[in-house]
Amino acid sequence: MSGAAGCQGGGGGGDRGPRWRRPWKLLALGLLSASSVLAAAPGAGAMSKEEKRRLGNQVLEMFDHAYSNYMEHAYPADELMPLTCRGRVRGQEPSRGDVDDALGKFSLTLIDTLDTLVVLNKTKEFEEAVKKVIKDVNLDNDIVVSVFETNIRVLGGLLGGHSVAIMLKEKGEYMQWYNGELLHMAKELGYKLLPAFNTTSGLPYPRVNLKFGVRHPEARTGTETDTCTACAGTLILEFAALSRFTGTSIFEEYARKALDFIWEKRQRSSNLVGVTINIHTGDWVRKDSGVGAGIDSYYEYLLKAYVLLGDDSFLERFNTHYDAIMRYISQPPLLLDVHIHKPMLNARTWMDSLLAFFPGLQVLKGDIRPAIETHEMLYQVIKKHNFLPEAFTTDFRVHWAQHPLRPEFAESTYFLYKATGDPYYLEVGKTLIENLNKYARVPCGFAAMKDVRTGSHEDRMDSFFLAEMFKYLYLLFADKEDMIFDIEDYIFTTEAHLLPLWLSTTNQTISKKNTTTEYTELDDSNFDWTCPNTQILFPNDPMFAQSIREPLKNVVDKSCPRGISRAEESLGSGPKPPLRARDFMASNPEHLEILKKMGVSLIHLKDGRVQLVQHAVQAASSLDAEDGLRFMQEMIELSSQQQKEQQLPPRAVQIVSHPFFGRVVLTAGPAQFGMDLSKHKAGTRGFVATIKPYNGCSEITNPEAVKEKIALMQRGQCMFAEKARNIQKAGAIGGIVIDDNEGSSSDTAPLFQMAGDGKNTDDITIPMLFLFNKEGNIILDAIREYESVEVLLSDKAKDRDLEMENTDQKLSENDSHKQNSEEAASASQDVGVVSEEPEEGESSDVTDPDSLSPAHADSDSISISNQDSYVPGTDEASAPEPACTQGDHQPQEQKTETESNSKVDWDNKVQPMESILADWNEDIEAFEMMEKDEL
């Protein structure tokens, strides 16, 4: 998501009509003047101009590395696969599900990067890129694409490219030949998206066929019934700009109609919107509400539509929603999803990374304090994990471990620096640069992180990385004299594309009649009609931002904050706060009395455990019933958490020898025996050697080749512990078991743990790790290519061997960069190191003696019906352990490898949860959403 470049400051009140005709860049003076005051504050530790320039140049070098590799290895494909140094062409690579809907065989990354080239002063490269787009890109492909992604990335990219092209042409040096070709392509694409709006509601279908539209027999789409709020509500900037540029009003009309429909369908008592909506009936399908995935840019576009188009109704709507967000969702420094019908009830206990855009939007709104708080909380999470995980819990554990190099946090960092001038945010940007270079940079670009805990990579570099990340990082360190145009003359779209603010007075074919109904007057007079007044944002306190950040410095490592629920606030200092699940003891009579009051019954099972069931209608009051529902939710979370804590996290195999130097990190399954790598931070480092016999099931016949090395062996024919003992006896310092199932990969299968043989395994002291076939072949291919291959076995990836890499570069001089890139590419060619989350329904063949059995039962899932709620048996003797611990590992779904064919009897485990939540169907759906592992 992206903030606005132009509307940054201004006075309170004022006339509304003439405002839109004044030069927009004057509105930036307020925050920029505040920036200069704060930057000069004593003790602020201002960064020197030389350091800022050095970091800006470093951003340019990083961009060149990513862009040149895309153009060399991927173009005209949509995206670069940086691990295998080739382009991602839809249909030629395994499907990644909805993620691939952004790809339309239209050179996505190049179009998405056009205006970034100009922001980074690469005008010659921009001119060449525009010529390539005009010459090579075909928009008439028989392919189904996402309306949302195609709008923000491709239509926005073409419009942003056109905006800066006409600016450069007007300056007289570049683009003199340009005659609106990008705008013509944008208009063609706009017409191709219009069939998606053929619904009674005006909400677009989520997908459209570029060639055949929606309902054509060959379209292969048009049967969908649902779309996300952001998908339907993030169109107005691009569509209105297209109408204003071309004079064709239909695009803006369609986008406005979709926004009007969403506004009318908001939940009237809470003024919140849900995540997904039925495009035909307008019914909310997912009734949880937040500021992250599925809703985020809807709020962003309401405020920015007001800035760009000058329609007061958009600001009224935004202010109404913003008041609800701060009333229900904001629990500083957290932003937690709630239920639209019962907004005092949290819908889940984790946050997704897309909400990192929100502090930047709050800067545009003028609400600086919560922006600083949330940003600082996110920064502490990043300092713990190097990157922001796709999702993390309220006690800051990893919930989803991926990180696809998202730019939202960099965006908010840029706007907070612009608003405060605090050099602290320059240091934050410096950390982002260092982490990208240290952990994500690979020979052919930058690779997404598959698991931030281990540092393993994914063969993926999304177009938004070039479109947004480098734009915000460069602007963060750039001074005004470094820019060839005034960035304040433009507003950023959600994909950071530039639209000129003069569009507000051009081709105004749409009536500005206020269509907002039932608008509630809010105590928000300072921000109703203008950009924020900086005298209110910065109350003469040069240390303002630091004073807000300071209490949050240790929020991740040393505390376990929990947002106080609105129900608890209403209790005040009178009655006792509700019983928390983590404090519950089944033997405590007072706790049992509280349960009864909340409508929760306790049933004693024959095996000594207890079962909890809630009947909301039996609660003493509606407030008690809500407390009971929250208690059941917490108990479910704790039960699931305790099971997961018994699992071991994934480990890492990092190739550290020439020419890899730690760039290639493979996700490995741990063993329940041998050295615990989490307790040996240095890990085990050594050269690898293939053992004989390869299965390791008998005495090793080549001990001289294995001694003091890490042994490679094949899975199968005997127990894992037996393999470990054999190689340990031969003098190996570690072992890697490679799956014998051809084509198996961590891309498509959950991680596994290698279990012992049922006997005492204390005699095994070396580390043992498991690699699937595809990852194992990467090491085997490297051995064939380079003979001597050194790896590091560890709990997570370590810093690269920079000393060895620098020595190698000196020896090879001018040829080193090319050689390293080619060798690293050949070592991983045709063997994707990492990929996406497992495809639903896929599993591994586990019928051989090294059979793999689940590390946890299906009891992690929650089955909910329409009567009452149920929590599985709990040990009556003790209460569940608190969820907040010092550990930072929240393992993804894993399976444990057992060395026998016997099946595990899961009846001794916790039974499946069958939660029945009476009367509140909306609440039931909210709980179901908590267990869906997809954004």
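If you're wondering where the values come from, they're calculated on a predicted model, not measured in any experiment.

A.B. asks: Explain the overall build of the protein to me, please; I cannot follow it from the model alone.
C.D. replies: Assigned secondary structure in the protein consists of 27 helices and 35 strands. Here the protein, with 935 residues, has 63% of them falling under the buried criterion. Long-range contacts, defined as pairs at least 24 residues apart, comprise 76% of the intrachain contacts of the protein with a sequence gap of at least 6. Accessible area of the protein: about 34,800 Å², with a carbon and sulfur share of 48%.

A.B. asks: Sorry if this is basic, but what is going on with the pairing of strand 17 (residues 448-451) here?
C.D. replies: Along any regular strand, the residues point their side chains to alternate faces of the sheet. Where strand 17 lies against strand 18 (residues 456-458), three bridges are found, and the strand directions are antiparallel. What sits directly across from methionine 449, in strand 18, is histidine 457.

A.B. asks: Help me understand helix 12 (residues 358-365), please; the structure alone is not making it clear to me.
C.D. replies: A turn of α-helix holds 3.6 residues, and therefore any two residues three or four places apart point the same way. Counting buried positions over the eight residues of helix 12 gives eight, a clear majority of the element. All of the buried residues along helix 12 are Phe358, Pro359, Gly360, Leu361, Gln362, Val363, Leu364 and Lys365. One or two residues past the end of helix 12 sits glycine 366, with phi positive at roughly 105°.

A.B. asks: I tried to follow the packing of aromatic side chains on my own but got confused; where do I start?
C.D. replies: The way to describe two aromatic rings as a pair is by their centre distance and the angle between their planes. Taken as a whole, this structure holds 30 aromatic pairs when the rule is applied. One aromatic cluster in this structure is built from Phe63, Tyr67, Phe446, Phe465 and Phe470. Above the ring of tryptophan 350, the side-chain terminus of arginine 348 is found at 3.7 Å from the ring centroid. The lysine or arginine in question, arginine 549, covers the ring of tyrosine 424, its NZ or CZ lying 3.6 Å from the ring centre.

A.B. asks: How should the sheet that holds strand 13 (residues 391-393) be read in this particular structure?
C.D. replies: Backbone-to-backbone hydrogen bonds pair the strands of a sheet. The strands run either parallel or antiparallel. The strand order 12-13-14 describes an open sheet built from three strands, whose pairing is antiparallel. Each edge of the sheet is formed by a strand with only one pairing partner; in this case those strands are strand 12 (350-352) and strand 14 (398-400). Each adjacent strand pair in this sheet contributes to an overall mean axis angle of 30°, direction not counted. Both strand 13 and strand 14 contribute to a ladder of two bridges, which runs antiparallel. Residue pairing for strand 14: phenylalanine 392 is matched across the bridge by valine 398.

Criteria and cut-off values
- Residues numbered from 1 in each chain as written.
- Predicted model: local features only at pLDDT ≥ 70, side-chain atom pairs only at ≥ 80, totals over all residues.
- Heavy atoms only, no water.
- Helix = DSSP H or I, 4+ residues; strand = E, 2+ residues; numbered from the N terminus.
- Buried < 20%, exposed > 50% of the residue type's maximum accessible area, 1.4 Å probe, protein only.
- Contact = heavy atoms within 4.5 Å.
- Areas by Shrake-Rupley, 256 points an atom, 1.4 Å probe, with all protein chains shown as cover.
- Pairing = 2+ DSSP bridges.
- Phe/Tyr/Trp six-rings, centres within 6.5 Å; stacked < 30°, edge-to-face > 60°.
- Lys NZ or Arg CZ within 6 Å of the ring centre and 35° of its normal.
- Axes fitted to C-alpha atoms, helices over the stretch in contact; angles between N-to-C directions.

Such coordinate-based values are descriptive only and should not be taken to indicate function.
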